[in-house]
Amino acid sequence: MSIAKDAKQAAQGAMQGMMAKAVALAPDSWVPGGKPDPLIQHRHGHVGQPVSRIDGPLKVTGNARFAAEFSFEGMVYGALSYATIARGRVTALDTAEAEAAPGVVAVMTHLNAPRLNPPPVFMSAAKAAGGDDLPVMQDDRVHWNGQPIAVVLAETQEQADHAASLVRATYAQEPPITSFAQAMAQGTAPGLFMGQPLHNASGDAEAALAAAEVRIDRTYRTPRHNHNAIELHAATVAWDGDTLRIHDASQLVAHTAWSIARMFGIEENQVVVTSPFVGGGFGGKCLWQHQIIAAAAAKLAGRPVRLVLSREGVYRLVGGRSLTEQRVALGANREGQLAALIHTGTTAKTRHNVLPEPFIMPTRSAYAAENLLLDVQTVELDMLANTFMRAPGESVGTFALESAMDELAEALGMDPIELRLRNEPEKDPLSGLPFSSRHLSESWRAGAERFGWHLRSPRPAAHRDGEWLVGMGCATGTYPYYRMPGGAARITLTDEGRAAVDIAAHEMGMGTATAQTQVAAERLGLPLDAVAFNYGDSTLPGVVLAGGSQQTASIGASVIAAHRALVRELLRIAGNDSPLAGLGPDEVAGRDGGLCKHDAPDRQESYASILRRAGQKSLTVEARPPDPLETMHWSMHSHAAMFCEVRVNAVTGEPRISRFLGSFDCGRILNPKTAASQFRGGIIMGMGLALMEETQFDERSGRVMNPSLSEYHVPVHMDVPEIDVIWNDIADPHTPMGARGIGEIGITGTAAAIANAVYNATGKRVRDLPITLDKLL
């Protein structure tokens, strides 16, 4: 099965590669983004203003309903029972005691579950959403320790939880592969990501390394990480005749509707997925087994079902970040110019998913090395399928790369920022494409001045404050610009001068609805309160994933297409009696509740006037943007310069972050208030990655041993200092609104900046995350 998936991905990748070569050579004007978005020039309207989140009042008053807060008449509650072996078969399931427990309505296992098709695994089709392609409660096979083997339905949650604990399973165990070292000893396979090989080579990097005047060659390791969104995964499900309605906590409502329809053998429009509010996603709120089990159980019982995973259930059922072992070798001349950059290593995945941790991604465009060798190898374990987790690849890849850059700077006797500036590339080091916009050098200089970098001692362990050793570190952060195919938007304009924008996008707490309302209002020339932004419903247009920091671009491009269609239709119905007569869509702009000529604003007519003269109460248009060919024509990335000050207790080894600054180059910032929150949130997640987060995986049994927030540590208020964030607000001329993604850039580079600061404070280099006090004593 894994071989077939890999072959399909390789074929898709080859086709993408051929297309990329053709698009790279095309004139700018043929490519989306070849002509800058006119909104980039608007500097005194809604865009760029620190508007408070429009969903804020709903949330603080408790009126924002999340997936587990919807209810249906006659609804029952579900609780799961999980396998306790990593591989084998269920030979017997004793559910009698559970079925006899108070309030129990039904117990579903593979023996009585409705027959389903396997889930279409993510990236196997345009709308595929499955975390893996394993059958869901269809047979007696066990594929990982924690796989659901039964669901209990009861009149209350407490009754369901109790009855689930009464399910007894007998197993025929088979020898699993759960040891990373054992799997590596048996051989590795080349990694693929989004259909492309995780391998790049330019020149002879090993020979250049051997010949370099100064070189370092190090191994860095990162552990498994689990998702811990504040909102637990939940689905409230009901069959309404032949229509399946799912209230979900989802990052991909349209993908989920299509995928579940395929599993149940029904039409896509028979599945309606809504997700108006999501309490954190980070890559984990996609399609897992609990939504499918809830829908199947509702069908079996003939009653609506609410299934909420416990915190332990999230660890058992929802994938996280996989472990990595990375080699970074750097060779340079005495002036610090890189002659060789090698970033290779191994990560673990399963046979049933297509996501190796792509840790070489940030290295592809980071530095102007003459010779590069980048490669990701994979091994397959009998474990829960790993998945996307904030900045997959970049978060852990920048830890290794940027730690190595710090080590090279020390070997050269050079300031770490100066080393990075000397190796700034003028074009993409591998593809040779021009950067759409890259102002990282300015970010480094602005950040260094604001942080007080000149106060850093180049000698480790040179600064002491009582018991505390104090040090500073820095690192580069980077994340690609993505815009995935499938976007679409609908705009409805009324004769009262109001507009509604409809798109199957998502609000996970990052301020999407607010920023997109600002953008739509600016584009239309309307006040904010005259625009409604509707999202989180699979019946709306578009197939939009809230992931890869691409949702802003996807929505932006979709709204641009719909707005252009709207303007074209408005000009048509305005007719020859309008001041706008004879003008084309490129000659007009939205302003003051209507359209006007760009360079002659007195040639204006209001939307209300146009519609009323045409005898229309409203006008609705829907459009799709062109495919995202811009990513094949330019090298497109968000960038950051990260600065950290740490204090390490000389007696206890306790590390504390005392100051942190992120200096960002992410194109135009649409809303400074929500953007600052996104930047800080990413940095805080990076602090957890650096200092505490680690999934304890028992390689004897394949079981996660710390499935709770009391044992899996994440940063709390006392762990987080004041975080300063600044940005240059330089628009990218080739992206919608001039903006690039900001949701994941904050976590990239953060762990390395912390590790480098720890070294500067103590003289101890930690290359194995997390940086816990036992490694500093």
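What you see is a predicted model, and the numbers here were worked out from it, not measured in a lab.

What counts and what doesn't
Residues numbered from 1 in each chain as written. Predicted model: local features only at pLDDT ≥ 70, side-chain atom pairs only at ≥ 80, totals over all residues. Heavy atoms only, no water. Helix = DSSP H or I, 4+ residues; strand = E, 2+ residues; numbered from the N terminus. Contact = heavy atoms within 4.5 Å. Polar contact = N/O pair within 3.5 Å; in protein donor to acceptor, adjacent residues only side chain to side chain. Pairing = 2+ DSSP bridges. Axes fitted to C-alpha atoms, helices over the stretch in contact; angles between N-to-C directions. Salt bridge = Lys/Arg side-chain N within 4 Å of Asp/Glu carboxyl O. Buried < 20%, exposed > 50% of the residue type's maximum accessible area, 1.4 Å probe, protein only. Domains from an automatic or database assignment. Nonpolar A, V, L, I, M, F, W, Y, C, P; charged D, E, K, R; others polar.

(A) Looking closely at the environment of R498. By secondary structure assignment, the location of R498 is in the loop between β21 (489-494) and β22 (499-502). Look past the residues within four positions of R498 in its chain and what remains in contact with it is T492, L493, D529 and A530. A polar contact of 2.6 Å, which involves the side chain of R498, links it to the backbone oxygen of D529.

(B) The sheet that holds strand β24 (residues 588-591), seen in detail. One open sheet holds the three strands; their spatial order is β24-β25-β26, and the pairing between them is antiparallel. Taken across any chain shown, the strands that pair with only one partner, and hence form the sheet edges, are β24 and β26 (600-606). Neighbour-to-neighbour, the strand axes of this sheet turn through a mean angle of 35 degrees, independent of strand direction. Of the strand pairs in this sheet, β24 and strand β25 (residues 594-597) are connected by four bridges, and their pairing is antiparallel.

(C) Expanded view of the pattern of salt bridges. Scanning all chains against the criterion turns up 42 salt bridges. Between D465 and R647 there is a salt bridge, with the nearest N and O atoms lying 2.3 Å from each other. Taken together, the residues D465 in strand β19 (residues 464-465) and R647 in strand β28 (residues 637-649) connect sequence positions 182 residues apart. Judged by relative accessible area, which is 39%, D465 ranks as partly exposed. By relative accessible area, which is 22% here, R647 ends up partly exposed. The partner of E654 in a salt bridge is R656, with the nearest N and O atoms 2.7 Å apart.

(D) Quick peek at the sheet that holds strand β4 (residues 141-142). Within the open sheet, the three strands sit side by side as β4-β2-β6. Their pairing is antiparallel. Both outer strands of the open sheet, β4 and β6 (168-173), are each paired with one neighbouring strand and no more. Relative to β6, strand β2 (residues 88-94) is paired through six bridges, and the arrangement is antiparallel. From the neighbouring strand, G88 faces β6, where its bridge partner is Q173.

(E) The arrangement of the domain arrangement of the protein in detail. Domain annotation of the protein identifies domain 1 (67-175 + 226-317), domain 2 (393-400 + 423-482 + 628-777) and domain 3 (484-627). Averaged C-alpha coordinates put domain 1 and domain 2 at centres separated by 36 Å. At the boundary of domain 1 with domain 2, the tally comes to zero salt bridges. For the interface between domain 1 and domain 2, the tally reads five residue pairs in polar contact (both at pLDDT 80 or more). Grouping the amino acids of the side of domain 1 that touches domain 2 by side-chain chemistry returns four nonpolar, five polar and three charged.

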